[in-house]
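Listed here are the chains, written in short residue letters.
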Amino acid sequence: MKGLSCIIPAYNEAPRIEAVLNSVIDHPLIDEVIVVDDGSRDGTAEIAARVPGIRLIRLPQNRGKSWAVAEGVAAAEHELILLLDSDLLGLAPESLASLIFPVRDGRADVTISLRGNAPLLWRLIGLDYISGERVLPKALIGAPEALRALPRFGLEMHLNRRMIAARARIMVVEWPKVASPWKGSKRGAWEGIKADAKMLADMFRTVPLHSAMAQIWAMIGLRAPTLY
């Protein structure tokens, strides 16, 4: 059976990361948990370091999500990768199992979460194409060097492009009890708006807007039945 490494990139998530780590540590389907602290200044790394069983990678400066995940992929020891955001609310061990089992059992090549507070449009079409929670083979992610060359928040668009090229079977997994907090709730309204704008700019630097729409429809065409 293929082993699984969980990679959690984190930047200034001290109030939230411990709850995420409590869901992944000692999970029977997860063989390794790697937290990549992306130059946090709020004690995120110190909280992660206190959790037994965590492999902590500390970056000396903030390089962005793509770079942080690249460091985790380079360090990962197993063939399957679980990517998790570090700020999730309501995450539970059973949520993780529902995301892991379809890939581990061969029913899908990739799973992608659809969180309860995903944008309405994504819930209507049944796909959050920029979800940060995925299970996929390490080989499908590609070389860490290629990830480091991406814009700071270009990772998901890059992964989508590789999944489509590989004709990977994509299963969407409903996570109705899991939420990702709005950046404004963490940083304040104005800072949250600016952070979202920067993220969108990085996404569309990686894949132009018209190509992003094509990605969505291509991924829908590759979708296996949604798992509830």
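Being a predicted model, the structure only gives us computed values, none of them experimental.

Trainee: Is there a simple way to think about the environment of P93 in this case?
Mentor: Within the element layout of this structure, P93 appears in helix α4 (residues 93-104). Sequence separation between P93 and I25 is 68 residues, and the spatial gap between their C-alpha atoms is 9.3 Å. With residues near it in sequence (within four places) discarded, P93 still touches S23 and H27.

Trainee: Sorry if this is basic, but what is going on with the packing of aromatic side chains here?
Mentor: The description of an aromatic ring pair uses the distance of the two centres, along with the angle that the planes make with each other. Here the structure, examined in full by the defined rule, presents one aromatic pair. Ring centres 5.1 Å apart and planes at 85° place the aromatic pair W122 and Y129 in the edge-to-face group. You can call W122 buried: its relative accessible area is 15%. Lying over the aromatic face of W67, R63 brings its terminal NZ or CZ to 3.7 Å of the ring centre. Taking the ring centre of W67 as reference, the NZ or CZ of R148 above it sits at 5.9 Å.

Trainee: Just checking my understanding: could you explain the nonpolar core for this structure?
Mentor: Looking at soluble globular proteins, one finds that nonpolar side chains tend to be buried together. Counting 34 residues, the largest nonpolar core has L83, Y129, L147 and M163 as the members making the most contacts within it. Membership of the second largest hydrophobic core comes to 32 residues, among which are A14, L82, L84 and A97.

Trainee: Looking at this structure, I do not really get the pairing of strand β5 (residues 110-115). What am I missing?
Mentor: In regular strands, side chains alternate between the two faces of the sheet. Counting buried positions along β5 gives six out of six residues, so the element sits mostly inside the fold. Burial along β5 is two-sided: V110, I112 and L114 and T111, S113 and R115, pointing in opposite directions, are all buried. Relative to strand β7 (residues 170-175), β5 is paired through six bridges, and the arrangement is parallel. Among the inter-strand pairings, T111 is bridged to a residue of β7, identified as M171. Here β5 runs beside strand β6 (residues 134-137); their pairing, made up of two bridges, is antiparallel. Counterpart to T111 in the pairing with β6 is V135.

Trainee: Honestly, α4 in this entry has me stumped. Any pointers?
Mentor: Because an α-helix completes one turn every 3.6 residues, residues spaced three or four positions apart along the sequence face the same direction. An ideal rise of 1.5 Å per residue puts 16 Å on twelve residues; α4 measures up with 16 Å between its terminal C-alpha atoms. Within the sequence span of α4, burial applies to S95, L96, A97, S98, L99, I100, P102 and V103. Trailing α4 by a residue or two, G106 shows a phi angle of about 85°, which is positive.

Cut-off values and rules
Residues numbered from 1 in each chain as written. Predicted model: local features only at pLDDT ≥ 70, side-chain atom pairs only at ≥ 80, totals over all residues. Heavy atoms only, no water. Helix = DSSP H or I, 4+ residues; strand = E, 2+ residues; numbered from the N terminus. Contact = heavy atoms within 4.5 Å. Phe/Tyr/Trp six-rings, centres within 6.5 Å; stacked < 30°, edge-to-face > 60°. Buried < 20%, exposed > 50% of the residue type's maximum accessible area, 1.4 Å probe, protein only. Lys NZ or Arg CZ within 6 Å of the ring centre and 35° of its normal. Core = buried A, V, L, I, M, F, W, Y, C linked by side-chain atoms within 4.5 Å. Pairing = 2+ DSSP bridges. Expected span 1.5 Å × (residues − 1).

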